[in-house]
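Reading the structure
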Amino acid sequence: SSDLFIERVQDACRQSLRRFQTDYLDMVIFEWNEGLLPMRVAAEAFHHVVRNGLARYIGAANFPTWRVVDNLGRAYLRQYNRIEALQSDYSLMTRTRFEPEAMALCQEQRLGFFAQSPLAGGFLTRRSALETMFHSGRRDWLMERFGNAYGETAQAAVADVATRHGASPAQVALAWVLRNPAVTSAVIGVHSVAQLNELVQSAALQ
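Residues numbered from 1 in each chain as written. Predicted model: local features only at pLDDT ≥ 70, side-chain atom pairs only at ≥ 80, totals over all residues. Heavy atoms only, no water.

Side note on the overall build of the protein
Note the cut-off: Strands here mean DSSP runs of E at least two residues long; helices mean DSSP runs of H or I at least four residues long; both are numbered from the N terminus. By definition, residues are in contact when any of their heavy atoms lie within 4.5 Å. Calculation of accessible area relied on Shrake-Rupley with a 1.4 Å probe; when residues are assessed, cover is drawn exclusively from the protein chains displayed. Counting rule for charge: Lys and Arg are taken as positive, Asp and Glu as negative, and neither His nor the chain ends is counted. The atom standing in for a charge is NZ when the residue is Lys, CZ when it is Arg, CG when it is Asp and CD when it is Glu.
For the protein, the helix and strand inventory stands at nine helices and five strands. Of the regular secondary structure in the protein, the N- to C-terminal order runs α-β-α-β-α-β-α-β-α-α-α-α-β-α. Contacts in the protein between residues at least 24 apart in sequence constitute 75% of all its contacts with a sequence separation of at least 6. Looking at the protein as shown, the accessible area adds up to about 11700 Å², and 51% of this sits on carbon and sulfur atoms. Distance between charge centroids for the protein: 3 Å, based on 21 positive and 20 negative side chains.

Comments concerning helix α8 (residues 169-178)
Filter applied, for reference: Exposure classes here rest on a 1.4 Å probe applied to the protein chains alone. A residue is buried below 20% of its type maximum, exposed above 50%, and partly exposed in between.
Burial of α8 is extensive: eight of the ten residues sit out of reach of the surface. Of all the positions in α8, only Pro169, Ala170, Gln171, Val172, Ala173, Leu174, Ala175 and Val177 are classed as buried. Elements that come into contact with the buried residues of α8 comprise β4 (112-116), α7 (149-165), β5 (185-187) and α9 (193-200).

A few points about the pairing of strand β3 (residues 83-89)
Note the cut-off: Between any two strands, pairing holds if DSSP finds at least two bridges. Here is how to tell: hold the view so the strands point away, follow the path from the first strand over the helix to the second, and if it runs clockwise the crossover is right-handed.
Most of β3 sits inside the fold, with six of its seven residues counted as buried. Alignment of strand β2 (residues 55-61) against β3, held across four bridges, turns out to be parallel. Along β3, the bridge assignment pairs Gly59 with Ala85. Assessed by its sense of winding, the connection that carries the chain from β2 through helix α3 (residues 65-78) to β3 is right-handed. Relative to β4, β3 runs parallel, the two sharing five bridges. When the bridges of β4 are listed, Asp89 appears paired with Gln116.

Remarks on the pairing of β4
With respect to burial, β4 is a largely interior element, five of its five residues being buried. Residues Gly112, Phe114 and Gln116 of β4 are buried on one face, and the alternating residues Phe113 and Ala115, pointing to the opposite face, are buried as well. Viewed along the sheet, the connection from β3 through helix α4 (residues 101-109) into β4 turns out right-handed. With three bridges connecting them, β4 and β5 associate as parallel partners. Counterpart to Ala115 in the pairing with β5 is Ala186.

Topic: the packing of helix α2 (residues 39-51) against α3
For the record, the criterion: An axis is simply a line fitted to the C-alpha atoms; with a helix, the fit covers only the stretch in contact. Between two such axes, the angle follows the N-to-C directions and lies from 0 to 180 degrees. When the near helix sits turned anticlockwise from the far one by under a right angle, the crossing is termed left-handed; a clockwise turn instead gives a right-handed crossing. Under this grouping Gly is polar, as are all residues other than the nonpolar Ala, Val, Leu, Ile, Met, Phe, Trp, Tyr, Cys and Pro and the charged Asp, Glu, Lys and Arg.
One way to put it is that α2 packs onto α3 with a least axis distance of 10 Å and a crossing angle of 65 degrees. As α2 runs across α3, the sense of the crossing is right-handed. Listed contacts from α3 to Met39, Arg40, Ala43 and Phe46 of α2 are Arg67, Asp70, Asn71 and Arg74. Looking at the contact of α2 with α3 residue by residue, the class counts come to three nonpolar, one polar and four charged.

Side note on the environment of Leu77
Counting through the fold element by element, Leu77 comes out in helix α3. Put simply, Leu77 and Asp89 are twelve residues apart on the chain and 30 Å apart in space, counted from C-alpha to C-alpha.

Section: a nonpolar patch on the surface
Selection rule: In this analysis, a patch consists of residues with relative accessible area above 30% that form no salt bridge, clustered at 9 Å for like charges and at 5 Å for the nonpolar side chains Val, Leu, Ile, Met, Phe, Trp and Tyr. Salt bridges are identified by distance alone: a Lys or Arg side-chain nitrogen within 4 Å of an Asp or Glu carboxyl oxygen.
Side chains of Ile188, Val190, Leu196 and Val200 sit close together on the surface and give an oily, nonpolar patch of about 300 Å² of accessible area. Within the fold, Val190 resides in the loop between β5 and α9.

Let's talk about the side chain of Ser91
What counts is decided by this rule: Think of a polar contact as two N or O atoms within 3.5 Å of one another; within protein, one of them needs to be a possible hydrogen donor and the other a possible acceptor, and neighboring residues in sequence only count if both atoms come from side chains.
Along the chain, the position of Ser91 falls in the loop between β3 and α4. Look at Ser91 and you get buried, because its relative accessible area is 0%. Of the polar contacts made by the side chain of Ser91, one reaches the backbone nitrogen of Met93; its length is 3.0 Å. Within the structure, Ser91 has its side chain in polar contact with the side chain of Thr94 (distance 3.1 Å). In this structure Ser91 touches Ser117, Pro118, Leu119, Ala120, Leu124, Trp176 and Val177, once residues within four positions along its chain are discounted.

Written out as C-alpha cells, the structure is:
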C-alpha cells in the first residue's frame, strides 16, 4: 500500500540519521528503480521526508528526465516538496545523458546537478595509473565501455592539456566538469589522501 511505502522510505531515512548521529540530513538522494513506481506515491513519500524534518531537500539519481519532470509537475499541483537536484554520470566520456535535455531542465527549473564519476571510473586518469590502480576485472570493464576511438582521443586530449598546464590528467578531467555552469558539484571516489589533495586542486585550474 502507499502508506506502507511512505513509512518504509521514512524509516530508511531514520536509520541513516542514527548511523550519522545527526538530527536531519541536508539532502537525501533517491536512486531510480522500478520500485519507485507509481510516481504519485513516490512523490508523496519524498514530500513526507522533508515535511517531517528528516531531510531538507530531495535529490534524484539516474532518474529518466521525463520522470523528473513528472515529479516537478506533481509537486507543483499538490504543493509537495519537489526534487531539488539531479545526480548522474557526467564526464568527457558520458555526456549524452545530461546534455542537452537534462542540462536544460536543471537551468530552467533551477535544479542542482551532481556529476557522478567525473573521471569516467578512472579511465581519464593516467594510463599507467589505470594499469596499477584497478584489478584486471575493473580495467577490463572500463576498456569494454570506453576503449574505443573516442576514448583514445579523449585520453590523448586530456593528457595534452595536462602537460601544457603542468597538471595531472585527473585534474584536467575534473576541472572540465566543474567549469560547466550547470554543474553544482562532482561526486568523486578516492583511494588515498594524496588522491584527494590532487583532485581538490582541480577547482583552481583554469
